[in-house]
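# Overview (structure and organization)
Residue strings, one per chain:
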Amino acid sequence: MNGQDCPSSVGDPKVDPTSPLSPVLSPPTERSSAERCLPTSSIPPPSVSLLSAPADQNNLPEEEQEQEELSRPRGSERMMGTRCAVAFGLLGLLAMAGGVMGKKKQTMCDKGWECKGPSIYCCNATITDLFEVYQFENLFSKRNAPVAHAPMFWDYHSFITAAAVYQPLGFCTTGGKLMQMREIAAFLGHVGSQTSCGYGVATGGPLAWGLCYNKEMSPSQNYCAENVEYPCTPGVNYYGRGALPVYWNYNYGAIGKGIKADLLNHPEYLEQNATMAFQAAIWRWMNPIKRGQPSSHDAFVGNWKPTKNDTLSKRLPGFGTTMNVLYGDQTCGQGFVDSMNSIISHYQYYLDLMGVGREYSGDNLNCAEQVVFNPSGTSAST
């Protein structure tokens with residue numbers, strides 16, 4: 001026997017006698033292969049128990065003295081056993097070190113006012129790294145036209161200021177740069193479609209008129225419903241306002257609580273403050289309506305894992321499910337209706353203008369055949 005029977009260092013290959021790829025070993029009959037890699041002091045000699053007292057060799061017959069001599073471990077064997085023990089000890093230490101390294105904490109970053117950490121998302125590019133003023137102007141080129149209904153209200157600075165609150169939480173800072181650009185286009189695609197005053201023959205085309213409105217122009221009702229948690233304030237109307245127009249008292253109450261603003265008593269804030277209007281819209285994008293349902297953000301970036309029921313209901317990660325979350329059956333589950341097609345068109349138009357390209361729209365683009373998460377009246381925007 002020699003040192004190659006057992007690993008002499010961490011890098012030595014282990015020989016498996018049962019493997020057809022292992023070299024043929026000479027058959028040592030005195031010990032098994034497992035015993036050869038144990039310290040020899042722990043291996044009982046043949047016919048000698050670990051519990052029995054050592055025999056006095058001088059009192060043994062000559063034949064038994066020879067057998068006793070043969071059963072004693074040689075110096076080379078003791079050295080080999082020690083090397084085996086050291087090798088296995090090193091392997092154990094490396095395994096323990098690997099377990100500790102596997103639990104290494106993720107890197108956290110802080111990028112100041114725009115992405116206040118510590119946050120893993122702040123280690124990625126920020127929105128201003130990827131989306132500049134001129135791109136915002138290209139997407140909403142007609143918002144300050146004389147015929148627009150909210151001229152000089154919306155601007156890039158308001159959007160970035162509102163987004164800074166949510167970038168540490170992953171808003172447009174999740175994934176690589178492509179995913180980040182896609183989420184910017186997806187979110188603003190919803191905003192543009194819901195605030196557009198474009199039409200078929202409008203100058204620049206119907207998709208160039210996003211952020212034309214900041215409120216519903218001719219409300220048909222006051223949108224007040226009985227609600228214990230968020231009761232209507234007397235004399236207040238809860239018609240649509242904001243970047244993703246908010247309707248109904250209970251939605252104003254929930255969103256106001258989320259952004260720490262008294263929207264239940266003062267829903268007009270969303271038509272007076274562009275930053276707050278964007279903030280309310282981003283809050284809606286980042287939060288689900290009900291526990292157990294995805295937010296639009298999670299559905300879009302792939303954080304959400306559909307259940308079996310979701311899959312059977314054709315609700316899968318992608319842009320289509322963001323419409324289901326935000327609008328329910330007012331847009332989804334109705335086939336290829338104009339309201340759904342308009343939202344998709346804005347999203348893809350913005351991808352093109354941002355230099356990403358509509359070919360990166362992603363899978364599950366529509367919600368034409370999706371079963372809605374919530375029936376009418378429970379969505380925060382319509």
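Owing to the predicted nature of the structure, the values given are computational and were not obtained by experimental measurement. Residue numbering note: each chain is counted from 1, following its sequence as written. Two thresholds apply to this predicted model, a pLDDT of at least 70 for residue-level local features and 80 or more for giving and counting side-chain atom pairs, whereas whole-chain, interface and lining totals are computed over all residues. As a rule here, side-chain values come from all non-hydrogen atoms in the structure, and water together with hydrogens is ignored.

### Thoughts on the overall build of the protein
For clarity, the threshold we go by: Numbering of helices and strands runs from the N terminus, with a helix taken as a DSSP run of H or I at least four residues long and a strand as a DSSP run of E at least two residues long. For every residue, the accessible area obtained with a 1.4 Å probe (protein chains only) is divided by the maximum for its type, and the residue is called buried under 20%, exposed over 50%, and partly exposed between those limits. Any two residues whose heavy atoms approach within 4.5 Å at even a single point are treated as in contact. We get accessible surface area from the Shrake-Rupley algorithm with a probe of 1.4 Å; when it comes to residues, only the shown protein chains can shield them.
Counting its regular elements, the protein contains 14 helices and zero strands. Listed by position from the N terminus, the elements making up the protein come as α-α-α-α-α-α-α-α-α-α-α-α-α-α. Scored against the burial criterion, the 382 residues of the protein give a buried share of 43%. Once local pairs closer than 6 in sequence are excluded, the contacts in the protein between residues at least 24 apart make up 65%. Per element, the accessible surface of the protein, about 20,100 Å² overall, is 55% carbon and sulfur.

### Observations regarding the side chain of threonine 321
Along the chain, threonine 321 turns up in helix α13 (residues 319–327). The buried category is assigned to threonine 321, whose relative accessible area is 0%. Ignoring any residue separated from it by four or fewer positions in sequence, one finds threonine 321 in contact with Ala299, Trp304, Arg315, Leu316, Gln370 and Phe373.

### Quick word on the nonpolar core
Going by this rule: What is meant by a nonpolar core is a set of buried Ala, Val, Leu, Ile, Met, Phe, Trp, Tyr and Cys residues, joined one to another through side-chain atoms within 4.5 Å.
Counting 73 residues, the largest nonpolar core has Phe131, Phe159, Phe171 and Phe187 as its most contacted members. With ten residues, the top contributor of residues to this core is helix α10 (residues 274–286). Core analysis: the second largest hydrophobic core is formed by seven residues, Ala145, Ala148, Cys197 and Cys212 among them.

### Re the side chain of aspartate 310
Quick note on the threshold: Pairing of N or O atoms within 3.5 Å defines a polar contact, subject to two protein rules: one partner must be a possible hydrogen donor and the other a possible acceptor, and residues neighboring in sequence count only if both atoms are side-chain atoms.
With respect to the helices and strands, the residue aspartate 310 is situated in helix α12 (residues 308–312). At a separation of 2.8 Å, a polar atom in the side chain of aspartate 310 contacts the side chain of arginine 315.

### A short note on the confidence of the model for the protein
The test is simple: Each residue carries a pLDDT value, the predictor's own confidence for that position, ranging from 0 to 100.
On average, residues of the protein score 81 in pLDDT, and 71% of them reach the 70 mark or higher. Taken as a whole, residues 1–61 scores under 50 in pLDDT and shows 63 contacts with residues more than four places along the chain or in a different chain. In the model, residues 378–382 has pLDDT below 50 throughout and makes 26 contacts with residues more than four positions away in sequence or in other chains.

### Regarding the environment of lysine 177
As for its placement among the helices and strands, lysine 177 is situated in helix α7 (residues 177–194). Given a relative accessible area of 58%, lysine 177 falls into the exposed group. Taking the C-alpha atoms as reference, lysine 177 lies 8.1 Å from asparagine 124; in sequence the two are 53 residues apart. Apart from the residues lying within four places of it in its own chain, the contact partners of lysine 177 are Ala125 and Leu130.

### Considering helix α14 (residues 338–353)
The condition that has to hold: A helix is expected to span 1.5 Å for every residue after the first.
A rise of 1.5 Å per residue sets the reference length of α14, with its 16 residues, at 22 Å; its end C-alpha atoms lie 22 Å apart and thus fit the reference within 8%. Listed as buried for α14 are Met340, Ile343, Ile344, His346, Tyr347, Gln348, Tyr350 and Leu351. Elements in contact with the buried residues of α14: α5 (133–139), α7, α11 (296–301) and α13. Count one or two residues on from α14 and you reach glycine 355, which has phi positive near 85 degrees.

### A look at the state of the cysteines
Here a disulfide denotes one covalent bond, and it connects the sulfur atoms of two cysteines. We count it as follows: The criterion for a disulfide is a pair of cysteine sulfur atoms lying within 2.5 Å.
With the rule as written, the count across this model stands at five disulfides. With its sulfur 2.0 Å from that of its partner, cysteine 197 forms a disulfide with cysteine 212. Across the disulfide from cysteine 197 to cysteine 212, rotation about the S-S bond amounts to roughly 90 degrees, and the bridge is consequently right-handed. With cysteine 197 in the loop between α7 and α8 (249–259) and cysteine 212 in the loop between α7 and α8, the pair connects residues that are 15 residues apart, well separated along the chain. In this model, cysteine 224 is linked to cysteine 232 through a disulfide, with the two sulfur atoms separated by 1.9 Å. Taking the sign of the S-S torsion, 125 degrees for the link of cysteine 224 and cysteine 232, the bridge is right-handed. What makes cysteine 224 partly exposed here is its relative accessible area of 36%. Ordering the disulfide-forming cysteines of the protein by sequence position, one finds them joined as 1-4, 2-3, 5-6, 7-8, 9-10.

### What to know about the environment of asparagine 144
With respect to the secondary-structure elements, asparagine 144 resides in the loop between α5 and α6 (156–163). Spatially, the C-alpha atoms of asparagine 144 and tryptophan 209 are 9.3 Å apart, while their sequence positions differ by 65 residues. Apart from residues no more than four positions distant in its own chain, asparagine 144 is found in contact with Ala150, Pro151, Met152 and Phe153. A distance of 2.7 Å separates a polar side-chain atom of asparagine 144 from the backbone nitrogen of methionine 152.

### Remarks on the pattern of salt bridges
Counted only if it meets this: Throughout this description, the term salt bridge denotes a Lys or Arg side-chain nitrogen within 4 Å of a carboxyl oxygen of Asp or Glu.
Enumeration according to the criterion identifies seven salt bridges in this entry. Arginine 143 is the salt-bridge partner of glutamate 137, the closest N and O atoms lying 3.0 Å from each other. Here glutamate 137 falls in the partly exposed class, since its relative accessible area comes to 33%. Close ionic contact of arginine 315 with aspartate 310 constitutes a salt bridge, the shortest N to O distance being 2.8 Å. With a relative accessible area of 5%, arginine 315 lands in the buried category. One salt-bridge network, in which partners are shared between bridges, spans Lys215, Arg241 and Glu271.

### Topic: the packing of aromatic side chains
Put simply, the rule is: In this analysis, rings of Phe, Tyr and Trp, with Trp reduced to its six-membered ring, are considered paired at centre separations within 6.5 Å, and the interplanar angle assigns stacked below 30 degrees, edge-to-face beyond 60, and tilted for intermediate values.
Per the stated rule, a full pass over the model turns up 20 aromatic pairs. A ring pair is formed by phenylalanine 140 and tyrosine 350, whose centres lie 5.5 Å apart and whose planes are at 75 degrees; its orientation type is edge-to-face. Remark: tyrosine 350 occurs in helix α14 and phenylalanine 140 occurs in the loop between α5 and α6; sequence separation between them is 210 residues. By the burial criterion, phenylalanine 140 is buried, and tyrosine 350 matches it. With centroids separated by 6.2 Å and ring planes inclined at 70 degrees, the aromatic side chains of tryptophan 304 and phenylalanine 373 adopt a geometry described as edge-to-face. Pair noted here: tryptophan 304 is in the loop between α11 and α12 and phenylalanine 373 is in the segment after α14, with a separation of 69 residues, a long-range link. Tryptophan 304 gets classed as buried once you look at its relative accessible area, which sits at 9%.

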